[in-house]
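Residue-level listing of the chains:
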Amino acid sequence: MRLASFGDDRIGVIVDDQIFDVTPVLGSAASGLSPMRRLIQRFDELAPALSDLSPYAAQPLAEVSLRTPVSDPSKIVAAPVNYRDHMVEMSQQAHIGALGVFLKAPSSVLDPGGTIQLPYDDRRFDHEGELAFVIGRPARDVAPADALDYVFAYTALLDITMRGGEDRSTRKSFDTFTPIGPWLVTSDEFGDPRAADLRCLVNDQVRQQENTAQLIWGVAELLAYASSVMTLLPGDVLTTGTPAGVGPIVAGDRVDVEISRIGRLSVAVAADRAVHSPTSGANTGPVPPPPPELADTGAGRKSP
Ligand code: MN
């Protein structure tokens, strides 16, 4: 099943090019949670009411404004250095097996079709296209063999990143730095998370292309480990990390992430209120690969 958040606090089921507004299934009880979190929390109870969509109003998918699937995750848990080719391009000696996980601010989420706002005019910002997943039920100390039972759905995510020596939680948590979507594909429909093709494009140029078979920690291992650190709640977003090919984005760019069996997440880039960075980490921290136009000529290998 494909589930989307759209319009003004609506949730829908997508079938072909139509979206059925299933928000009424939630009833009127106010809980302070987004409709999608309420649906996920009660999914086992509510799913039978979604097996026949004829009672719900349908409209063309192209005519609605899609929102980020879960607007209010209690946390966004992210994987650092979880593909070997990305470890090599970043000149890193350690991967997720040594680093563990990090957190991105939940307030950094961005709707599909939205605009990333780069905060500074004197720093490099990179795209990181990633496969993400959403937790379906509370998870604490889950074994890897059981972990996929806790995954509600999969989606595409951009882990937008400022390069430099500041803490990851700072560099990746600016508002708009976590585009997610365009919708959720439930785990039964998505199937094996170790067999998804991922591409990230900037202005229609392919920058990243990889299969999730190459993940160092797959979805099960990542979920199991994260649940040994913190209780994962329904609606929490975990993102699996990015493969090689990261590169800079600038105002005016369009960034797309495509994942097989999900679809395409597309966002724009702007720097409307950019100022000079107040922190001085620009020339420290992990060294990213040169921009593609420099890499093609072999120049620019020494510094970001
Ligand atoms: Mn990342």
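The sections below set out a description of the structure shown in this document.

About the thresholds
- Residues numbered from 1 in each chain as written.
- Predicted model: local features only at pLDDT ≥ 70, side-chain atom pairs only at ≥ 80, totals over all residues.
- Heavy atoms only, no water.
- Pairing = 2+ DSSP bridges.
- Helix = DSSP H or I, 4+ residues; strand = E, 2+ residues; numbered from the N terminus.
- Salt bridge = Lys/Arg side-chain N within 4 Å of Asp/Glu carboxyl O.
- Buried < 20%, exposed > 50% of the residue type's maximum accessible area, 1.4 Å probe, protein only.
- Donors = N, O, S within 2.8 Å, 3.2 Å for Na, K, Ca; no water.
- Phe/Tyr/Trp six-rings, centres within 6.5 Å; stacked < 30°, edge-to-face > 60°.
- Axes fitted to C-alpha atoms, helices over the stretch in contact; angles between N-to-C directions.
- Core = buried A, V, L, I, M, F, W, Y, C linked by side-chain atoms within 4.5 Å.
- Contact = heavy atoms within 4.5 Å.

**Here's the deal with the sheet that holds strand 18 (residues 247-248)**
Then, in step 1: Here we have three strands laid out as an open sheet, ordered 13-10-18, and antiparallel in their pairing. In this open sheet, the two strands that pair with only one neighbour each are strand 13 (161-162) and strand 18.
Then, in step 2: Where strand 10 (residues 125-127) meets strand 18, two bridges bridge the pair, whose relative direction is antiparallel. Following the sheet pairing, His127 is matched in strand 18 by Gly247.

**Some thoughts on the pattern of salt bridges**
Between side chains of opposite charge, a pair can form as their charged atoms come close.
Then, in step 1: The final tally for this structure, using the stated rule, is 18 salt bridges.
Then, in step 2: Of the charged contacts, one joins Lys75 and Asp236 as a salt bridge, the two residues approaching to 2.7 Å between their closest N and O atoms. With a gap of 161 residues between them, Lys75 in the loop between strand 5 (66-67) and strand 6 (76-78) and Asp236 in the loop between helix 8 (219-229) and strand 17 (237-239) connect regions that are remote in the sequence. In this structure, Lys75 and Asp236 share a single accessibility class: buried.
Then, in step 3: Among the salt bridges present, the one from Arg199 reaches Glu258, with a minimum N-O distance of 3.0 Å. Residue Arg199 is found in strand 15 (residues 197-202), and its partner Glu258 is found in strand 19 (residues 254-259); the two are separated by 59 residues along the sequence.
Then, in step 4: Taken together, the shared-partner salt bridges connect Lys104, Arg124, Asp126, Glu128, Asp159, Arg163 and Lys172 into one network.

**Some words on the coordination of the manganese ion**
Then, in step 1: Donor atoms from the polypeptide that coordinate the manganese ion comprise Glu128 (OE), Glu130 (OE) and Asp159 (OD), at 2.0 to 2.1 Å from the metal.
Then, in step 2: Spacing between the donor residues of the manganese ion along the chain follows E-x1-E-x28-D. Here Asp159 lies in the loop between strand 12 (151-158) and strand 13 and Glu130 lies in strand 11 (residues 129-135), a separation of 29 residues in the sequence. The burial state of Glu130 is the same as that of Asp159; both residues are buried.

**As for the packing of aromatic side chains**
Then, in step 1: According to the stated counting rule, one finds eight aromatic pairs in the structure shown.
Then, in step 2: With a centroid separation of 5.5 Å and an interplanar angle of 90°, the aromatic rings of Tyr120 and Phe174 are classed as edge-to-face. Of this pair, Tyr120 sits in the loop between strand 9 (115-117) and strand 10 while Phe174 sits in the loop between helix 6 (168-171) and strand 14 (178-186), and the two are 54 residues apart along the sequence. Both residues of the pair, Tyr120 and Phe174, belong to the buried class.
Then, in step 3: Between Tyr154 and Phe190, the aromatic rings sit 4.4 Å apart at their centres with planes inclined by 25°, giving stacked as the arrangement. With Tyr154 in strand 12 and Phe190 in helix 7 (residues 187-190), this pair connects stretches of sequence that are 36 residues apart.

**Description of the sheet that holds strand 9**
Then, in step 1: Taken together, the five strands give an open sheet; going across it, the order is 9-20-19-15-16, and neighbouring strands pair in mixed fashion. Lying at the two open borders of the sheet, with one neighbouring strand each, are strand 9 and strand 16 (205-211). On average, each strand axis in the sheet is inclined to that of its neighbour by 20°, with strand direction left out of account.
Then, in step 2: Across six bridges, the pairing between strand 15 and strand 16 is antiparallel. In the sheet register, Cys200 faces strand 16, and the bridge partner there is Gln208.

**Considerations on the nonpolar core**
Then, in step 1: Residues Ile116, Phe133, Leu223, Leu232, Ile249 and Ile259 are the most contacted members of the largest nonpolar core, which totals 56 residues.
Then, in step 2: Broken down by secondary-structure element, the contributors of at least two residues to this core are strand 1 (2-6), strand 11, strand 12, strand 14, strand 15, helix 8, strand 19 and strand 20 (263-270).
Then, in step 3: Looking at this core, the element that brings in the most residues is helix 8, giving five residues.
Then, in step 4: For Ile249, the contacting residues outside a window of four places in its chain are Ile116, Leu118, Phe125, Asp126, His127, Ile160, Val202, Val255 and Val269.

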